[in-house]
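Descriptive analysis of the structure
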Amino acid sequence: MCLLNFMNIVPYTRTAYYYETDQMSIIHHSNYIRWMEEARLDLLDQIGLNYKSLEESNLLIPVLSVSCDYKTLVRFQDTVVIYTKLEQFKGLRFSLSYEIRSKDEKTIHAIGTSNHCFLDKNFKPVHLKKDYPTIYKTLSDILCSTQS
């Protein structure tokens, strides 16, 4: 049973900067990964898990893998909307999906995924359920609410 309602999560909106373009005047492919990171941190903020606060409480969330499939290009000053969804959470590891759309949401520019784990400052695995029960519950509830 889901105890929290995460239906009010707002997608991350981002305008493309000139420095992010390449010689062809389109956004360089590496920037989509950066945008996914920005969207991930925004999602964590929205669910009450500010990344700086997590780090201050001895918790690290490294990227284990990331992928991005490019569909259509983005140009300088285009605005994109990034939908970020928790796809899987197993206590130690979690996976997110990303959908990068045009501002009018009609065009999908890219889709991606990222996989993460929880480590302490000594790079040892952290068992959230035992060591950080509030964070464990928040992520369990958001996963439950996205699967409903």
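Just above sits the structure.
1. Overview of the overall build of the protein
In terms of helices and strands, the protein carries four helices and five strands. When its helices and strands are written in sequence order, the protein yields β-α-α-β-β-β-β-α-α. Here the C-alpha atoms of the protein give a radius of gyration of 16 Å, agreeing with the 15 Å that 2.2 N^0.38 yields for 148 residues. Across its three principal directions, the C-alpha atoms of the protein cover 50 × 35 × 20 Å. Here the protein holds 148 residues, and 40% of them are scored as buried. Taking the contacts inside the protein whose residues are at least 6 apart along the sequence as the reference set, 64% of them involve residues at least 24 apart.

2. Overview of the sheet that holds strand β2 (residues 63–70)
Pairing is antiparallel in the open sheet, where five strands are placed in the order β1-β3-β4-β5-β2. Each having just a single partner strand, β1 (12–15) and β2 make up the two edges of the open sheet. Strand after strand, the sheet turns through a mean of 20° between neighbouring axes, direction not considered. With seven bridges joining them, β2 and strand β5 (residues 108–117) adopt antiparallel strand pairing. Following the sheet pairing, Cys68 is matched in β5 by Gly112. Lying over the sheet, helix α1 (residues 30–46) contacts β1, β2, β3 (79–89), β4 (93–102) and β5, oriented at roughly 120° with respect to β2.

Basis of the calculations
Residues numbered from 1 in each chain as written. Predicted model: local features only at pLDDT ≥ 70, side-chain atom pairs only at ≥ 80, totals over all residues. Heavy atoms only, no water. Helix = DSSP H or I, 4+ residues; strand = E, 2+ residues; numbered from the N terminus. Rg over C-alpha atoms; globule rule 2.2 N^0.38 Å. Buried < 20%, exposed > 50% of the residue type's maximum accessible area, 1.4 Å probe, protein only. Contact = heavy atoms within 4.5 Å. Pairing = 2+ DSSP bridges. Axes fitted to C-alpha atoms, helices over the stretch in contact; angles between N-to-C directions.

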